[in-house]
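The residues making up each chain are set out below.
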Amino acid sequence: MDALTAESLTNLVDAVTGRYAAKGGESERIRREIALVLGHVREARQRPPSVRRFERHGVTDYVDQAVAAARKTAPELAATLEPVAAELYWRYGYSPRPDAPGLENAMAWTELVGPGHYWHSDDVCLGLTLIAPHNLYPDHYHPAVELYTVVAGESDWTLEGVTTRRFPGDRILHEKNAVHAMRSFDEPLLAIYSWTGDVLSPSRYAGL
């Protein structure tokens, strides 16, 4: 029986928003962004989700590792993600890069609320990003404001040329068109992401 149902999606987005909303010494700017995102998400969730299934993405090979890591840092989210992770719509929206062969199967994101799935909104995106161990998500940018909450995996995050080691529970804010990158290490990097502002324009690699 398919695990992906309206109920399992609801449980997952409840766990994602709960983790996203958790307080942890954020700046006033980040608190305002969280409130904005959660308001848009509540509005979008007035409607039932559209449950659709898609071809399996290669990044799901790393889901078990990510869930195992998340059990230590976000057990409720791990419990709701585990049964449905392989059935979610994971995607990688870039053209293949000659300098990063196979990256298109080693990282992806799944949009829970946004223009595409599963709760429609043109005002916000909320979902999960998964990057396989020992991979670099190269410099990129987008016109949306982006806020990440790290769920699992020690990782390096570079913003406008400055690199910082990040850990589960950390928040990372990317203002619109800021150039940023992420590098995973021994564990997969699993993080909640949100977009506000121009959520319809795609992300682009910098310098290409």
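Values in this document were obtained by computation on a predicted structure and should not be read as measured data. (Residues numbered from 1 in each chain as written. Predicted model: local features only at pLDDT ≥ 70, side-chain atom pairs only at ≥ 80, totals over all residues. Heavy atoms only, no water.)

Participant: Give me the environment of D139: which residues, what numbers.
Facilitator: You can see D139 is positioned in strand β5 (residues 136-141). Of the residues examined, D139 reaches a relative accessible area of 37% and is grouped as partly exposed. Residues D139 and T158, spaced 19 residues apart in sequence, show a C-alpha to C-alpha distance of 8.2 Å. Not counting chain neighbours up to four residues away, the residues in contact with D139 comprise V179, H180, A181, Y205 and A206. (Helix = DSSP H or I, 4+ residues; strand = E, 2+ residues; numbered from the N terminus. Buried < 20%, exposed > 50% of the residue type's maximum accessible area, 1.4 Å probe, protein only. Contact = heavy atoms within 4.5 Å.)

Participant: Describe in detail the sheet that holds strand β8 (residues 162-166), supporting the description with residues and values.
Facilitator: One open sheet accounts for five strands, arranged β8-β7-β10-β5-β12; its pairing is antiparallel. The open sheet is flanked by β8 and β12 (204-205), the only strands paired with a single partner. Bridge analysis of β5 against β12 gives two bridges, and the strand direction is antiparallel. Each residue of the ladder has a partner; that of H140, found in β12, is Y205. (Pairing = 2+ DSSP bridges.)

Participant: Tell me about the nonpolar core, and please be specific about residues and values.
Facilitator: Judged by nonpolar contacts, the single largest core of 43 residues is most densely connected at L88, V113, L126 and L190. Excluding its chain neighbours within four sequence positions, the residues that come into contact with L126 are V13, V16, T17, Y20, V37, V41, E111, L112, V113, I192, Y193 and S194. If you look at the next biggest cluster of nonpolar residues, it comprises 21 residues, including I131, Y137, L189 and Y193. (Core = buried A, V, L, I, M, F, W, Y, C linked by side-chain atoms within 4.5 Å.)

Participant: Summarise the layout of surface pockets; cite the residues concerned and give the values.
Facilitator: In this approach a probe as big as a water molecule rolls over the atoms, and the regions it shows empty are the leftover space. In this structure, the largest pocket encloses a volume near 300 Å³. Lining of the largest pocket is provided by 22 residues; of these, R91, W109, W195, P202 and S203 occupy positions nearest its centre. For the lining of the largest pocket, the secondary-structure elements that each account for two or more residues are β2 (107-114), β4 (124-131), β5, β6 (144-152) and β11 (189-197). A class-by-class count of the residues in the lining of the largest pocket yields eleven nonpolar, eight polar and three charged. (1 Å grid on protein atoms, 1.4 Å probe; cavity = no way out; pocket = protein on both sides within 12 Å on 5 of 7 lines; lining within 4 Å. Points joined across faces, edges and corners; volume = space filled by probe spheres on them. Nonpolar A, V, L, I, M, F, W, Y, C, P; charged D, E, K, R; others polar.)

Participant: With reference to specific residues and values, describe the pairing of β11.
Facilitator: The buried fraction of β11 amounts to eight of the nine residues, a majority that puts the element mostly inside the structure. With eight bridges joining them, β4 and β11 adopt antiparallel strand pairing. Paired with G127 across the two strands is Y193, which belongs to β11.

Participant: Summarise helix α2 (residues 28-44); cite the residues concerned and give the values.
Facilitator: Taking 1.5 Å of rise per residue, 17 residues should cover 24 Å, and α2 covers 25 Å from first to last C-alpha, within 8% of that figure. Considered for burial, the residues of α2 that qualify are I30, E33, I34, V37, L38, V41 and A44. Taken end-on, α2 shows its buried residues confined to a sector of 130°, consistent with a single buried face. (Expected span 1.5 Å × (residues − 1). Arc of directions from axis to C-beta.)

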